[in-house]
Amino acid sequence: MPLGEFDLIAKYFTRPVTRAALGIGDDCALLSPAPGMQWAVSSDMLVEGRHFLPTVSPHKLGHKALAVNLSDLAACGATPRAFTLALALPRVDEAFLQGFSDGLFALADEAGCELVGGDTTQGPLNICITVFGEVPAGQALLRSGARAGDDLYVSGTVGDARLALEAFRGTVVLERADFESTRLAMEQPQPRVALGQALRGLASSAIDVSDGLLGDLAHILRRSGVGAEVQVDAVPRSAALRRRPLAWQRTCTLAGGDDYELVFTAAPADADAVQAAARRSGVPVTRIGTVEAGPGLHLVDRDGRPVDNRFGSFDHFNAAE
């Protein structure tokens, strides 16, 4: 007999909670922040065909569904504590559910984040997760703290997810090793939770890169009332991307999106402390520019020559199909 809604929840998504006061099984979960902490809460929705391809493995999809939400907590400097899952399924597919829940819980266990509730329904494949994290009161990293003269950093490497997407679209042809490495970046991003926590008290502002480095950086600049100069060829990229023409490298790194790295600012006097925080978290960070007092985003190449800013960012309601 096929599984019903509550049977599939019980089989694939029910676990005892250890930190929440009450988890799955009642109309609401009950959570209590530790003394002196504030909740950091964020939701992200993943829609098939928009955020992921139907070819992605269920295990990697489960990972990514939680990873993109944990990335928001990382950008706030928060420690993950709990999450809810709303899942629409075209049909009950136990092979899919097993792989999806395995990938989801593998990352949840790694992050110390427990599933405390949610909803299931029938419909086009759609995944919505809400995460709850804790951050010491007054210490959350925000988009609004960048100051003129601050250094501008990005973590890890960016651009691989866009390169993989273009390979799927057939606009570029990659060697097998490059395709597999960039596909992994697109389908199984690693949220920089430890780095976000290590940057509390150091970073003056932060955001994660979901819609493209320049587009997301613009949110910091707008909220902080400042501008920036970005050294476009200093933006870190993988060996796979460095093998592409320079124009492709710049497009993927500056406007690619789906990277889930952190872009942040910090005072020049804290440069050594920033690098120490990066080493402690196991994630490299690269200085890519400077915050400026005047408005606007100015791009320069490795020799300081201006680069035309023709790079957009992803917008769900103004995106090319």
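In this text the structure is predicted, and so the values were computed from the model without any measurement.

Student: Tell me what's going on with the state of the cysteines, and back it up with residues and numbers.
Tutor: On inspection of all chains with the given rule, the structure shows zero disulfides. Looking at cysteine 113, it has no disulfide partner, and the nearest cysteine sulfur is the one in cysteine 76, 14 Å off.

Student: Provide a residue-level description of the sheet that holds strand E4 (residues 126-136), including the pertinent values.
Tutor: Spatially, the four strands line up as an open sheet ordered E1-E4-E2-E3, and their pairing is mixed. The sheet is open, and its two borders are formed by strand E1 (37-47) and strand E3 (114-122), each paired with just one other strand. Across the sheet, the mean angle from the axis of one strand to that of its neighbour is 15 degrees, orientation sign disregarded. One ladder, built from eight bridges, connects strand E2 (residues 79-89) with E3; its direction is parallel. Directly across from leucine 89, in E3, lies its bridge partner glutamine 122. Contacting E2, E3 and E4, helix H3 (residues 94-111) runs over the sheet at an angle of about 165 degrees to E2.

Student: An account of H3 is requested, with residue identities and associated values reported.
Tutor: With 18 residues, H3 ought to run about 26 Å at 1.5 Å a step, and its terminal C-alpha atoms sit 25 Å apart, in line with that. For H3, every residue scored as buried is listed here: Phe96, Leu97, Gly99, Phe100, Ser101, Gly103, Leu104, Phe105, Leu107 and Ala108. On the buried face of H3, the contacting elements are helix H1 (5-12), helix H2 (58-76), E2, E3 and E4. With a side-chain oxygen positioned 3.1 Å from the backbone nitrogen of alanine 95, the residue opening H3 is aspartate 93. Looking one or two places after H3, you find glycine 112, whose phi comes out positive at around 70 degrees.

Student: So, the nonpolar core: which residues are in play, and what are the values?
Tutor: Among the nonpolar cores identified, the biggest contains 56 residues, and Phe13 and Ile127 are the most heavily contacted of them. Tallying contributions element by element places H2 first for this core, with ten residues. Beyond its immediate chain neighbours, meaning those up to four positions away, isoleucine 127 contacts Asp44, Met45, Leu46, Phe52, Leu61, Ala65, Leu85, Ala86, Leu87 and Phe100. In terms of nonpolar packing, the next biggest core, distinct from the first, is built from 22 residues, Leu152, Val154, Val158 and Val230 among them.

Student: Which residues make up the sheet that holds strand E5 (residues 151-155), and what values do they have?
Tutor: The strand order across the open sheet built from seven strands is E6-E8-E5-E9-E7-E10-E11, with neighbouring strands paired in mixed fashion. The open sheet has two free edges, formed respectively by strand E6 (203-208) and strand E11 (306-307), since each of these has just one partner strand. Judged from the two bridges that link them, strand E10 (residues 297-300) and E11 form a sheet pairing that is antiparallel. Bridging across to E11, leucine 299 finds its partner in valine 307. Running over the sheet, helix H7 (residues 213-224) touches E5, E6, strand E7 (227-231), strand E8 (262-266), strand E9 (285-292) and E10 and is turned about 140 degrees from E6.

Student: So what about unusual backbone geometry? Which residues, and what values?
Tutor: Phi is positive for aspartate 258, which is not a glycine, with a value near 65 degrees. Within the element layout of this structure, aspartate 258 appears in the loop between helix H9 (246-255) and E8. Given the relative accessible area of 18%, aspartate 258 is considered buried. The phi dihedral of tyrosine 260 falls on the positive side, at around 60 degrees, and the residue is not glycine. On the secondary structure map, tyrosine 260 appears in the loop between H9 and E8.

Student: Can you explain H2? Please cite residues and give values.
Tutor: Taking 1.5 Å as the rise per residue, H2 with 19 residues should run 27 Å; its terminal C-alpha atoms sit 28 Å apart, in good agreement. In terms of residue burial, H2 counts as a mostly covered element, since 15 of its 19 residues are buried. Looking at the residues trailing H2, positive phi occurs at glycine 77, about 80 degrees.

Student: Describe the pairing of E10, and please don't skip the residues or the numbers.
Tutor: Two elements, E7 and E10, share four bridges in a ladder whose sense is parallel. The partner of glutamine 231 across the bridge, within E10, is valine 300. The antiparallel pairing of E10 with E11 creates a hairpin that spans five residues between the two strands, and glycine 304 there sits at a positive phi of about 85 degrees.

Student: Summarise the packing of H1 against H3; cite the residues concerned and give the values.
Tutor: With their axes 10 Å apart at the nearest point, H1 and H3 run at an angle of 45 degrees to one another. Classified by the interaxial angle, the pair formed by H1 and H3 is oblique. In the packing of H1 onto H3, the handedness of the crossing is right-handed. Between H1 and H3, the residues in contact are Leu8, Lys11 and Tyr12 and Glu94, Leu97, Gln98, Ser101 and Phe105, respectively.

What counts and how
Residues numbered from 1 in each chain as written. Predicted model: local features only at pLDDT ≥ 70, side-chain atom pairs only at ≥ 80, totals over all residues. Heavy atoms only, no water. Disulfide = S-S within 2.5 Å. Pairing = 2+ DSSP bridges. Helix = DSSP H or I, 4+ residues; strand = E, 2+ residues; numbered from the N terminus. Axes fitted to C-alpha atoms, helices over the stretch in contact; angles between N-to-C directions. Contact = heavy atoms within 4.5 Å. Expected span 1.5 Å × (residues − 1). Buried < 20%, exposed > 50% of the residue type's maximum accessible area, 1.4 Å probe, protein only. Polar contact = N/O pair within 3.5 Å; in protein donor to acceptor, adjacent residues only side chain to side chain. Core = buried A, V, L, I, M, F, W, Y, C linked by side-chain atoms within 4.5 Å. Parallel < 35°, antiparallel > 145°, perpendicular 65-115°, else oblique. Left-handed = near helix turned anticlockwise from the far one by under 90°.

Geometric values such as these leave the question of function open.
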